[in-house]
Amino acid sequence: MANESLIEFFIAEAEDHINLLEKGILNLESNPSDRSMIEDMFRSAHTLKGSAALVKLGQISKIAHLMEDIFEEIKDGKKKTTSGLATWMFRGLDAIKRLIKSVRAGKGEDPSAFEKFNSALNQIHETAKPVSGPAPLETASILEAEMVEEEPTVSAEDILEAEVIEEEPVAAGPAKTVEEKRGVGRRKDDVEVMESKFVRIDIDNVEQLMNLMGELTIIKNYLVQQVSQVHTFRDEINFAGRRLISEVTSFSEKYEYSGLEKADDKVSYVDPLLSEFHELEFDKYDELNLFSRKLHEITDDINEAMKSLSSFFDALSSKVNSMDRLISNSKELISEARMVTIGKLYQRFTRAVRDIALQNNKKIKFMTAGFETKIDKIIFERIFDSILHILRNAIAHGIETPNERTLNGKSPEGTIHLDTRREGNAIVIEIKDDGKGIDFDRIRTVALEKQIIMPNEDLTEEDLLHILFRSGFSTAASADMTSGRGVGLDVVKETLSLINGSIEIMTEKNEGTTFRLKVPLSLIIINVVIFSSGGMEFILPSTLVQELSQIDVDVLEDAETFTLREMTMPITRLNNLLGLRDAGATKQKPVIILNISGKHFAMVVDGLVGQEDTIIKPFGKFLEGIKQFAGVSISADGKIRPVINPAALIDVTAISLESGEVTEKEPVSEQETILVVDDSLSVRKFASMILEGKDYKVLSATNGLEALNIIDDNRVDLIISDLEMPVMHGYELLSELKRRGLLEIMPVVVLTSRSSESHKNKAFQLGASDFLIKPFDETTLYEAAKKNIAPHHLT
Amino acid sequence: MDNEDLEKLQGFDDLEPLGGLDEEAVHPEINFCTFNVGDLSLTMPIEAVREIIDVSEILPLPRSPEHIRGLVHIRGDVLPVVDMARIYKTAYKSGVEKKLIIADCNNEFLAIMSDGMPDLLEENEEGDLLDMVSFFNEYKVQ
């Protein structure tokens, strides 16, 4: 049994055809000479036949085939529409409807449906002869017997009609009766079959929905980002809250304690007249105590509020998360609306393959698989020509002639597989032949002739395959049909890169060649990898990213190749490709492994940011000529992120490398920033003076909290901090930085007058990088700054 | 319906018209938008001006032609910012606030950088008149 959803689609399609046919037959019946609709009817029956065969509904297909033949005869004027014929046609339609209904109910086709119908036709052909025996009636009864279960009334009608058919051809009169009968009994059946679960929607509407979904996705991304910020806020509020509570607690403990002593006094002097002597004491006790109590109460309130705030944030983020899920579900559903099952589209190739094979005198067995894989109609239309092109190449150049094949011990008939499947966020289409494979010697010869490569160049097979995609490269020299592949593969590559797809070739001598096309699921919303380079953020569609890896900075230095699990590939540095300054990295840099038309490249970037679903906006006409980027996307917070087009970028560099045009800009050394945290103005001034004199940018803060605010808004490469400060002391600052995981990128040098080992130990324990003791001089401070500034800023 | 009617309808007739102008004053018709690039004065027909905005963050586009200053994000659209100084071989003035004129060239939009706020005029007095469609075609990235 063919795939369920495929059948659903068939049913939706069939209903349209049945409607059209019904209308047409009625028209023919009432006006036999009007042939205006016959052309459409013929086509409908033809399509119905084809689609039914596709979903393996053989009975429907056969009935439709028979009807198609009759329509053709009517069309060619070989047959006249009699009411008998019209009835027969309706019967055909009804049979199809019944079959559909039974298929939909999961019962499959009635295997004898066609036979019954066919015999009914024969009767019409034999109108002149007397009806031969009870056979038709019998078959009709069998048919009805099956229907009885569900529709006893209808079956009665059917039997009646079956009888009518026998008589009908004799006289034109009864036609009306049939009409009437159909009018009362039959329609019920019709209505039920026509209760469609499908609505036809203009693809533009779906497109618009999809665009809206895209915008929604961006807002959702923004919300998701906000929620994570809210978490940070919550942590900060909690942190501040805890501090407040501990301060207030210690404050109130102090005064409650001091009040306690006086409380004893108070007891003895309570009810009697308050003596003047104690009044002052009492007042003092009262106010302080009340204040401390109040503070404590307020703090408790705050604590409570913080708890509810916290649970509110939790609830909010869980809601945002479920919205996230809902949006991606809707997105999938809407994209699905534009999706067609590839099986429907295979037909277009089947015919073409047959024709091309005939032209080339090849024997081809064309095998298709993955019928049920869904593909975006628009993407399919864009790549249709490319696939056809590859098929044509496979037949013309890949598959040998039957003779050659027999000589090579292969079956004279070549096989081409066309297989489609979904892999994560992409659709993979594979075209595989069992021909002679790609002739590498031939590529080398042509590449040499065209001066694409030098005679002494040592090229791997991968390199040679890559040459196939260069524009203007074609090994199919003039009439030499047996030459290798390569006709217009550059166009194929271009088409694929436009829709963020990729192509790969695998070939084996005498075994055959496989082309693997990878295209995104949807053109509008695609999954991208976000990364930074040269201080900018860029994105790449995930379909182009083979793998993510990393490389040690000292290895990278002047490396030309990158090796990943026995695979060696050229290294490209995005900063160089784009002429950006190297923003420097710690010890390792991320490497994005790209697959550009079958050849692997390792692209080194400065940092990986993440992955998300986003809309890619192509450039307008003004920037159309910019090839290194395929457009832009807008991040959740409104940042523009260009989309790298590696195919163009790496070609660009290949060309400019040859002409020696690579202009690497001198890395601009950026001023490093040091934050001085000290409550003493003179220390801040003195330290600033020294450090600014050494070309550092200096920011200052009077306590830990101020420092935290500053690092939120500024890039800081090193913090020099005192230990004792009001509001938030040095230890607290250190532990907060540690909690936020910032010590790696902004090391802290403690600068204090506390020289004891215990302080020193505690500071180091909390993650301080260095410990300087006041008073300090210029050299010690500068040395310490130089030594401790995060190593990645030393480039 | 002109402004006056509108104001009356909305019950604003006793309010002083915007800008304190006399109600009888004839509002000058605006036909041109003249802006400065360094010492240069350029004019665009007002039909080509969609809006004039402050310069927000401009993202430079690596390896693009010099006259493409970068990209700017305006309410969901990303527009190219055109560096007129590069095209007219001059330099923007330092210390003058920059504005972006969003120009409509047959439904393709460009952000054109200007020194200071452009003047909206009835008559074009000093600036070289630009035909935005041919400007667009001449300077688009090939």
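Chemist: What am I meant to see in the overall build of chain A here?
Modeler: Looking only at helices and strands, chain A has 24 helices and 22 strands in total. Counting every position in chain A, which comprises 795 residues, the buried fraction comes to 33%. Partitioning the intrachain contacts of chain A with sequence separation of at least 6 by distance along the chain shows that 68% fall at a separation of at least 24.

Chemist: Before we go on, may I ask you to explain the environment of A:I219 in this structure?
Modeler: With respect to the element layout, A:I219 can be found in helix 9 (residues 203–268). Sequence separation between A:I219 and A:A636 is 417 residues; the distance between their C-alpha atoms is 6.5 Å.

Chemist: Please clarify how the sheet that holds strand 12 (residues 567–573) of chain A should be interpreted in this entry.
Modeler: The pairing of strands in a sheet happens through backbone hydrogen bonds and is either parallel or antiparallel. Residue and element names in this part refer to chain A. The strand order across the open sheet built from 5 strands is 10-13-14-12-11, with neighbouring strands paired in mixed fashion. Each of the sheet's edge strands pairs with one partner strand only, and the pair in question is strand 10 (545–552) and strand 11 (561–564). Taking the axes of each pair of neighbouring strands and ignoring which way they run, one obtains an average angle of 35 degrees across the sheet. Where strand 12 meets strand 14 (residues 599–604), 3 bridges bridge the pair, whose relative direction is parallel. If you follow I571 over to strand 14, its bridge partner there is A602.

Chemist: Whenever I open this one, helix 2 (residues 38–54) of chain A confuses me. Can you help?
Modeler: Because each turn of an α-helix spans 3.6 residues, side chains separated by three or four positions end up pointing in the same direction. Residue and element names in this part refer to chain A. Between the first and last C-alpha of helix 2 there are 24 Å, a value that for 17 residues agrees with the 24 Å anticipated at 1.5 Å per step. Within helix 2, the full set of buried residues consists of M41, F42, S44, A45, L48, K49, S51 and A52. Positive phi shows up at K56, right after helix 2, with a value of about 65 degrees.

Chemist: Would you take a moment to explain the pairing of strand 2 (residues 40–45) of chain B for this structure?
Modeler: Looking down a regular strand, the side chains alternate between one sheet face and the other. Residue and element names in this part refer to chain B. Inspection of the sheet shows strand 1 (residues 32–37) paired to strand 2 by 6 bridges, in the antiparallel sense. When the sheet's bridge partners are listed, C33 is paired in strand 2 with M44. Between the end of strand 1 and the start of strand 2, which pair antiparallel, lie 2 residues, with G38 showing a positive phi angle near 60 degrees. Here strand 2 pairs with strand 8 (residues 128–129) via 2 bridges, running parallel. Counterpart to T43 in the pairing with strand 8 is L129.

Chemist: What is the right way to look at the interface of chain A and chain B in this model?
Modeler: Between chain A and chain B, the residue contacts involve 17 residues of the former and 15 residues of the latter. Put simply, the parts of the chain that give the side of chain A that touches chain B at least two residues each are strand 16 (629–634) and strand 17 (640–644) of chain A. Among the residues forming the side of chain A that touches chain B, the class breakdown is 9 nonpolar, 5 polar and 3 charged.

Chemist: In this structure, what is going on with the environment of A:F776? I would like to understand it.
Modeler: All names here are of chain A. Among the structural elements, F776 can be located in the loop between strand 22 (770–773) and helix 24 (778–788). Measuring from C-alpha to C-alpha, the distance between F776 and L751 comes to 8.5 Å, with 25 residues separating the pair along the chain. Beyond its immediate chain neighbours, meaning those up to four positions away, F776 contacts L751 and L781.

Chemist: Mind showing me how you'd approach the pairing of strand 20 (residues 718–721) of chain A here?
Modeler: Residue and element names in this part refer to chain A. By the alternation rule, side chains of strand 20 split into L718 and I720 and I719 and S721, which are all buried. Pairing of strand 18 (residues 673–677) with strand 20 involves 4 bridges; the strand directions are parallel. Following the sheet pairing, I674 is matched in strand 20 by L718. As paired strands, strand 20 and strand 21 (residues 748–752) are joined by 3 bridges and run parallel to one another. Bridge assignment links I720 to a residue of strand 21, and that residue is V749. Taken together, strand 20, helix 22 (residues 730–739) and strand 21 form a β-α-β motif whose crossover is right-handed.

Chemist: What is the right way to read the sheet that holds strand 18 of chain A from this model?
Modeler: Residue and element names in this part refer to chain A. The strand order 19-18-20-21-22 describes an open sheet built from 5 strands, whose pairing is parallel. With one partner strand each, in any of the chains shown, strand 19 (697–701) and strand 22 form the two edges of the open sheet. With strand direction ignored, the average angle separating the axes of adjacent strands in the sheet is 20 degrees. Pairing geometry for strand 18 and strand 19, over 5 bridges, is parallel. Bridged to I674 within strand 19 is V698. Each of strand 18, strand 19 and strand 20 is contacted by helix 20 (residues 681–693), which is oriented at about 165 degrees to strand 19, the strand it contacts most. Relative to strand 18, helix 21 (residues 704–713) is tilted by about 160 degrees, and along the sheet it contacts strand 18, strand 19 and strand 20.

Chemist: Can you help me understand the confidence of the model for chain B in this one?
Modeler: In low-pLDDT segments, the atomic positions of the prediction should not be examined closely. All names here are of chain B. Looking at chain B, pLDDT values average 80 and 81% of them are 70 or higher. Scored below 50 in pLDDT, residues 1–23 makes 6 contacts in the model with residues more than four places away or belonging to other chains. Two summary scores accompany this predicted model of the complex, namely pTM at 0.46 and ipTM at 0.80.

Chemist: Just checking my understanding: could you explain unusual backbone geometry for this structure?
Modeler: With glycine set apart, most residues show a phi of negative sign, and most peptide bonds adopt trans. Even without being glycine, A:N361 reaches a positive phi, approximately 55 degrees. Residue position: A:N361 is located in the loop between helix 11 (342–359) and strand 2 (364–369). The phi dihedral of B:K89 falls on the positive side, at around 50 degrees, and the residue is not glycine.

Chemist: When you look at the environment of A:R348 in this model, what are you seeing that I'm missing?
Modeler: All names here are of chain A. Residue position: R348 is located in helix 11. Under the C-beta neighbour-count criterion, R348 is labelled partly exposed, with 13 such atoms within 10 Å. Each C-alpha atom of the pair R348 and L388 lies 9.4 Å from the other, and the pair is 40 residues apart in sequence.

Basis of the calculations
- Residues numbered from 1 in each chain as written.
- Chains lettered and ligands numbered in written order.
- Predicted model: local features only at pLDDT ≥ 70, side-chain atom pairs only at ≥ 80, totals over all residues.
- Helix = DSSP H or I, 4+ residues; strand = E, 2+ residues; numbered from the N terminus.
- Buried ≥ 20, exposed ≤ 12 C-beta atoms within 10 Å, placed from the backbone.
- Contact = placed C-beta atoms within 7 Å.
- Pairing = 2+ DSSP bridges.
- Axes fitted to C-alpha atoms, helices over the stretch in contact; angles between N-to-C directions.
- Expected span 1.5 Å × (residues − 1).
- Nonpolar A, V, L, I, M, F, W, Y, C, P; charged D, E, K, R; others polar.
- Right-handed = clockwise from strand over helix to strand, strands pointing away.
- pLDDT = per-residue confidence, 0-100.

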